[in-house]
Amino acid sequence: MLTERAIENYILEKEPFYLPVGNEVELFTAAYQAKLPVMLKGPTGCGKTRFVEHMAWRLKRPLVTVACHEDLSATDLVGRYLLEGEETVWHDGPLTLAVKHGAMCYLDEVVEARKDTLVLIHPLTDDRRMLPVEKRRIVIEAPDEFQFVISYNPGYQSVLKDLKQSTRQRFVAIEFDYPPFETEVAIVAREGQVDEATARDLVTIGQKVRNLRGHGLEEGVSTRLLVYAAQLIRGGIAPVSACQVAIVNPITDDHDLQRSIQEIITTVM
Ligand SMILES: Nc1ncnc2c1ncn2[C@@H]1O[C@H](COP(=O)(O)OP(=O)(O)OP(=O)(O)O)[C@@H](O)[C@H]1O
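My aim in this report is to walk through the structure given alongside it, one point at a time. (Residues numbered from 1 in each chain as written. Predicted model: local features only at pLDDT ≥ 70, side-chain atom pairs only at ≥ 80, totals over all residues.)

1. Observations regarding the overall build of the protein chain
Consideration 1: Helix and strand content of the protein chain: 13 helices and nine strands.
Consideration 2: The principal-axis extent of the C-alpha atoms belonging to the protein chain is close to 65 × 40 × 40 Å.
Consideration 3: Across the protein chain, contacts joining residues at least 24 apart in sequence account for 71% of those joining residues at least 6 apart. (Helix = DSSP H or I, 4+ residues; strand = E, 2+ residues; numbered from the N terminus. Contact = placed C-beta atoms within 7 Å.)

Listed below in structure tokens is the structure:
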């Protein structure tokens, strides 16, 4: 059974490093104060999750994160009765836990969740701020501190996988993208523990690779992958090999594109 102690496990003790790119910290804080749910839109690996972690720490809220997938049911979010010996015992799901304790609840890649699961969050994300727990025939009112956050990558948008207007129009949406050059250099240097010159080279590669978007490349190289490359270099791997395994191989299987990216790497490194 999830108890008071369980929520303590979701409290962030240390400040998660986050370098703001614009006024996202102010926007998010204002949304929190106005009790508005927030949607973070942006490509993979551009800092959305790190931002939520940072904001949870700043606002002193426990952070309950759920990675959405196509089998995610309402029961998975809200909770279920489980047989324990002779008894059936209720177990709160992550959403119920977060609502009860006025935590921050972050649904990552929300577009992956089933549409009927998403309908469940509607009463929670408008001015009712309520979570119906049907199996227990109760409704839980969210305390003022409860903050609902979802992330969404518009790049993967398709007719089948898009958020319904009735869902998306319940959120204020903050747009994210890869950080500007100097900011990304600072992030890669700090997160990858490499010197500034190496970080500069990696970000230069990143920006050039991103220009291949629309030329066969679905999505540019993420800040996350640039950090991975830096970490490998830090670990003693030669820069070109590090870029091969952290940048070239993950982002595409197309040999022509791989060659184009390799050329970018060898001209910069
Ligand atoms: N502004 C930033 N400040 C500090 N670190 C950052 C920032 N942006 C990106 N990063 C780094 O990039 C990594 C990836 O970011 P994050 O996990 O937040 O991506 P994401 O946008 O949530 O991706 P996904 O949509 O795939 O979940 C982080 O672990 C961190 O190292």
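2. Comments concerning the environment of Gly79
Consideration 1: Mapped onto the elements, Gly79 comes out in strand E3 (residues 79–84).
Consideration 2: C-beta crowding within 10 Å serves as the criterion here: with 20 such atoms nearby, Gly79 is assigned to the buried category.
Consideration 3: For the pair formed by Gly79 and Thr96, sequence separation is 17 residues and the distance between their alpha carbons is 7.1 Å.
Consideration 4: Residue contacts for Gly79: discarding those within four places in its chain leaves Trp90, His91, Asp92, Gly93, Thr96 and Val133. (Buried ≥ 20, exposed ≤ 12 C-beta atoms within 10 Å, placed from the backbone.)

3. Some thoughts on the packing of helix H9 (residues 181–192) against helix H11 (residues 223–234)
Consideration 1: The geometry of H9 relative to H11 is characterised by a closest axis approach of 8 Å and an angle of 45° between their N-to-C directions. Between H9 and H11, the crossing angle belongs to the class labelled oblique. Along this stretch, H9 crosses H11, giving a crossing that reads as right-handed. Where H9 approaches H11, its residues Glu184, Ile187, Val188, Glu191 and Gly192 are matched on the opposing element by Thr223, Leu226, Val227, Ala230, Gln231 and Arg234. (Axes fitted to C-alpha atoms, helices over the stretch in contact; angles between N-to-C directions. Parallel < 35°, antiparallel > 145°, perpendicular 65-115°, else oblique. Left-handed = near helix turned anticlockwise from the far one by under 90°.)

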